[in-house]
Structures are given as structure tokens and as C-alpha cells.
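# Coordinates in review
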Amino acid sequence: MTWLVRLKQLGTFLGLKPAYTACRRTYRAYKYIDWMKSVSREPVIGYVGWLGHGNFGDEILLECIKELMHPIGFVELFEPQDATPDFFYAIREWHSGKSVLAAIFIGGGTLINEAVFLRIIEPAIATGAPLYVFGSGAKDRSSDHAPGCDFDALTNRYVQILQKAKAVYVRGPHSARMLESSGVSNVSIIGDPGLSLPAKYLCEREQRNLSFCVGISIGSWDKPKGDQHRILEIVTELAKCLLASGFELRILNMQEIDIPVATALAERAGIDLETANNPNNVLETFQAIRQCDIVIGQRLHSVVVAAAMGIPCISLAYATKCKDFMASIKRENYCLDTDLLDVETLLRWVNEIRADYSSQCAGLIDTCNTLRDAQKSASLAIVRELQNAKR
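Residues numbered from 1 in each chain as written. Predicted model: local features only at pLDDT ≥ 70, side-chain atom pairs only at ≥ 80, totals over all residues. Heavy atoms only, no water.

## As for helix α13 (residues 320-328)
Most of α13 sits out of view: eight of its nine residues are buried. The set of residues buried in α13 consists of T320, K321, C322, D324, F325, M326, A327 and S328. (Buried < 20%, exposed > 50% of the residue type's maximum accessible area, 1.4 Å probe, protein only. Helix = DSSP H or I, 4+ residues; strand = E, 2+ residues; numbered from the N terminus.)

Given below as C-alpha cells:
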């Protein structure tokens with residue numbers, strides 16, 4: 001047997017991510033689907049999400065949802081421009097009237113009102129494949145859209161789809177309000193699925209005798225509010241102030257593209273680059289976040305994972321999705337748009353959290369537990385529906 005591995009996935013294949021993922025994405029998808037159907041009595045669903053880009057947050061979302069939906073089988077549907085076997089095989093099956101997948105799952109991430117996914121979702125809906133939305137966020141008009149995008153037309157297409165969905169569970173209140181105001185009535189808030197981390201990532205945090213540690217995540221895939229150079233300048237000044245006040249700092253990388261700006265931050269502020277994690281190493285990244293007492297994150301899932309671990313977080317909100325999540329965990333008072341950043345406010349928040357640390361942690365854990373319970377309840381309901389439909 002010959003294995004073909006795309007260079008951008010070489011790290012995955014070498015084991016920095018679960019080996020099955022590399023095999024899954026380099027072998028022919030139809031063989032994988034047929035194999036899953038033959039060895040499993042459980043339904044198999046198609047997962048739509050931002051996958052294959054080496055983004056720690058997006059990959060972890062899928063793992064969390066798989067854990068919640070056990071024992072349901074998953075087939076990952078990438079964006080169609082990737083021309084993956086997954087997409088074309090699934091489309092062929094839908095158009096020939098044979099539904100190889102029991103349902104379509106719009107998963108975690110800001111997927112609603114994202115034009116590219118319509119080329120996967122709409123063919124499925126046209127053939128009657130049931131649709132579920134689980135923990136997704138909705139892009140608003142101010143988000144980073146493709147040039148020439150007609151946002152009203154795009155929203156209308158999504159509304160028509162979501163009105164037919166079996167269930168619409170969204171990330172936070174901003175997404176819920178946006179959809180409800182557009183005419184989608186079956187909306188519930190369950191928070192970001194990244195809060196339901198598998199137990200293997202939730203080891204008890206170590207009691208450390210070191211100085212108070214602040215983890216900083218900087219960088220983004222999308223164009224941020226404001227200018228990334230100014231964001232770097234503000235965060236650099238903040239880092240210098242924190243170091244001067246005796247805080248320990250460490251760099252948190254969520255994707256390889258974060259490394260240049262994070263390196264610039266470390267060099268300008270005097271942060272030890274040895275603290276920076278390899279974003280392609282899942283366990284190392286979780287360990288890096290776990291060692292922090294506070295996380296200041298531009299990357300959404302640096303903040304999500306911190307919250308999941310009970311670590312108080314401050315969001316540098318480069319997009320509406322950051323506000324959406326922070327509102328869901330009742331920490332919108334620790335969320336600041338990246339075009340409005342100022343050192344004084346951020347420094348005051350860090351000191352405020354440190355002064356009331358036990359209470360901050362306890363409140364965060366209670367809120368996240370409530371959302372985790374909602375996710376478990378929703379996932380159990382979906383699993384029962386799919387299992388009953390297969391009988």
C-alpha cells in the first residue's frame with residue numbers, strides 16, 4: 001500500500017497529532033466510510049468545520065464533539081476548495097439519492113454565515129439529510145467576509161437552512177440573538193464545545209511556588225479589528241509592565257502562523273521564548289495553558305481552553321466571536337476589542353483577578369459546568385434521535 005502525505009500534514013503524520021487523523025486524511029475517504037459502516041452498528045454523520053489548517057482550536061473542537069457524541073461515528077467534511085475525497089464522495093452519494101451519512105453536523109467554530117460551507121451543506125439539505133448545529137457561532141456583518149460578499153443574501157440562505165434543522169445549538173448569546181432576529185426560532189445556547197475537553201486533558205493543575213503566571217496568546221487567522229501592529233505594541237507594553245511587577249509570563253501559540261508575532265512580542269518585551277509551546281503538539285499546548293494562572297488571549301480558543309480548565313481569562317476581542325464566547329461564560333466585563341486596547345485597562349483587570357483569584361476561579365468553574373451540562377444533555381438527545389432513526 002502506498003501512503004500519500006501532504007507536506008502541510010507531515011507533522012501530523014509524525015505523531016504531533018493523533019496518528020489516526022493523518023491516516024484518515026491521506027487514505028481514500030470512501031474506503032473509510034465503508035469500513036466504518038461495516039464495523040459499527042452506530043450511525044455515521046458528516047462533520048462540517050474548519051479542519052486541516054493546523055489550528056489547535058478547530059481540531060480540538062472536533063475531538064470534544066466526538067467525545068460528547070460517542071458512540072456515533074464521524075466523517076470529516078472539509079471545505080470544498082480543498083478538493084478532498086470526503087467532499088466529492090459525499091456529494092456523489094447525495095446526488096444519487098443514497099445517503100451514506102445519517103446526518104450532517106455543523107460543528108464548532110464560526111461557521112454560520114460563512115459562504116464556503118454552503119457548497120457542502122446545501123446539497124445535503126436538498127436531499128433531505130437531517131441537519132444539526134452544535135456549538136457554532138454566527139458571523140455578523142462586521143466580520144471578515146470575502147470581497148463582494150452580499151451579506152443579506154448570504155444570511156437569508158443560512159436562515160432557510162437553519163429553519164429546517166433538527167436542532168440549532170449555538171456558542172453564545174450574540175449568535176442566538178442574530179439568528180432569532182433573522183427568523184430562526186429553534187435556537188439554544190450551549191457554549192463553545194471546547195469547554196467539554198476530554199478527561200485526558202483535564203489533569204489537576206499543579207500547585208506551584210513560582211510567581212503568578214500570565215499566559216499571552218497573540219495573532220489571528222482573520223483580519224482583526226484595528227491593526228495587528230498596534231495590537232502587538234499595546235500587548236508588548238502590557239507585558240513589560242507585568243514583568244516589572246513580578247509576574248511570570250509565557251507565550252501561548254495556537255497555530256504556526258502565530259509564531260512570528262509571538263516571537264516579536266517575546267523579543268521586544270523580554271519574555272523567555274523557551275516558554276513558548278509548539279502549537280502542533282496538542283499535549284504540550286494543553287500543558288502550557290495549564291501552567292498559567294491567567295490567560296490573556298487574542299486567539300479565541302486560548303481563552304476557551306483556559307475557561308475549560310477553570311483559569312480566569314481576558315479576551316482581546318479581534319472579532320465578534322470572542323465577545324460571543326465571553327458573554328456565554330459571563331465574563332464580558334473582561335473582554336476588550338482589539339481596536340480599543342489600552343494598557344491601563346488590561347493591567348487593572350489582571351490585578352483585579354489576582355486580588356480575588358479564588359472567587360474568580362470558582363465563579364468561572366460554576367458557569368462552565370452549567371454549559372457543559374447543557375452540552376451533555378443536547379448531545380445525548382441527538383445520539384438517541386440518530387440511533388432510533390437507524391433502527
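On we go.
## Remarks on the sheet that holds strand β12 (residues 335-337)
The five strands lie next to each other as β9-β8-β10-β11-β12, forming an open sheet whose pairing is parallel. Strands with a single pairing partner mark the edges of an open sheet, and in this sheet they are β9 (248-251) and β12. Looking at each pair of strands side by side, their axes are set apart by 15° on average, direction ignored. As paired strands, strand β11 (residues 313-317) and β12 are joined by three bridges and run parallel to one another. By the bridge assignment, S315 is partnered in β12 with C335. (Pairing = 2+ DSSP bridges. Axes fitted to C-alpha atoms, helices over the stretch in contact; angles between N-to-C directions.)

## Considerations on the environment of I125
Within the secondary structure, I125 is located in helix α6 (residues 118-126). For I125, a relative accessible area of 17% gives the class buried. C-alpha separation for the pair I125 and A103, spaced 22 residues apart in sequence, amounts to 9.8 Å. Setting aside residues no more than four positions away along its own chain, I125 makes contact with L131, I161 and K164. (Contact = heavy atoms within 4.5 Å.)

## Concerning the pairing of strand β10 (residues 294-297)
One face of the sheet, then the other: side chains in a regular strand alternate in exactly this way. Because side chains alternate across β10, one face comprises the buried residues I294 and I296, and the other comprises V295 and G297, equally buried. Here strand β8 (residues 213-217) runs beside β10; their pairing, made up of four bridges, is parallel. Residue pairing for β10: S217 is matched across the bridge by G297. In terms of strand pairing, β10 meets β11 through three bridges, oriented parallel. Pairing of I296 across the sheet is with I314, part of β11.

## Quick word on the packing of aromatic side chains
Scanning the entire structure with this criterion turns up 11 aromatic pairs. Taken together, a centroid distance of 6.0 Å and an interplanar angle of 80° make the contact between F74 and F105 edge-to-face. Here F74 is found in strand β2 (residues 73-77), whereas its partner F105 is found in strand β3 (residues 103-106), with 31 residues between them in sequence. Summarising the burial analysis for this pair, F74 and F105 share the class buried. Between F212 and Y357 the ring centres are 5.2 Å apart and the planes differ by 85°, which places this aromatic pair in the edge-to-face class. Of this pair, F212 sits in the loop between β7 (187-189) and β8 while Y357 sits in helix α15 (residues 357-390), and the two are 145 residues apart along the sequence. The buried category is assigned to F212, whose relative accessible area is 14%. A network of ring pairs unites the aromatic residues Y47, F74, F105, Y132, F134 and Y169 as a single cluster. (Phe/Tyr/Trp six-rings, centres within 6.5 Å; stacked < 30°, edge-to-face > 60°.)

## Comments concerning the confidence of the model for the protein chain
When the pLDDT values of the protein chain are averaged, the result is 84; 80% of them are 70 or greater. When the criterion is pLDDT under 50, residues 1-31 qualifies, and its contacts beyond four places in sequence or with other chains add up to 41 contacts. (pLDDT = per-residue confidence, 0-100.)

## A word on the side chain of D324
Here D324 shows up in helix α13. According to the relative accessible area criterion, D324 is buried, its value standing at 1%. Other than its neighbours up to four places away in sequence, D324 contacts G137, R171, G172, P173, H174 and S175.

## Digging into the side chain of S220
Secondary-structure assignment places S220 in the loop between β8 and α9 (228-244). Relative accessible area serves as the criterion here: at 16%, S220 is assigned to the buried category. If sequence neighbours within four positions are ignored, S220 has contacts with Q228, I257, D258, Q298, R299 and Y318.

## Here's the deal with the environment of I120
Inspection of the secondary structure assignment puts I120 in helix α6. Sequence separation between I120 and V48 is 72 residues, and the spatial gap between their C-alpha atoms is 7.9 Å.

## Here we look at the packing of helix α8 (residues 173-181) against α13
For the pair α8 and α13, interaxial distance at closest approach is 7 Å and the crossing angle is 110°. Considering the angle they form, α8 stands roughly perpendicular to α13. Between α8, through P173, H174 and S175, and α13, the contact on the second element is made entirely by K323, D324, A327 and S328. For the contact of α8 with α13, the residue count by class is two nonpolar, three polar and two charged. (Parallel < 35°, antiparallel > 145°, perpendicular 65-115°, else oblique. Nonpolar A, V, L, I, M, F, W, Y, C, P; charged D, E, K, R; others polar.)

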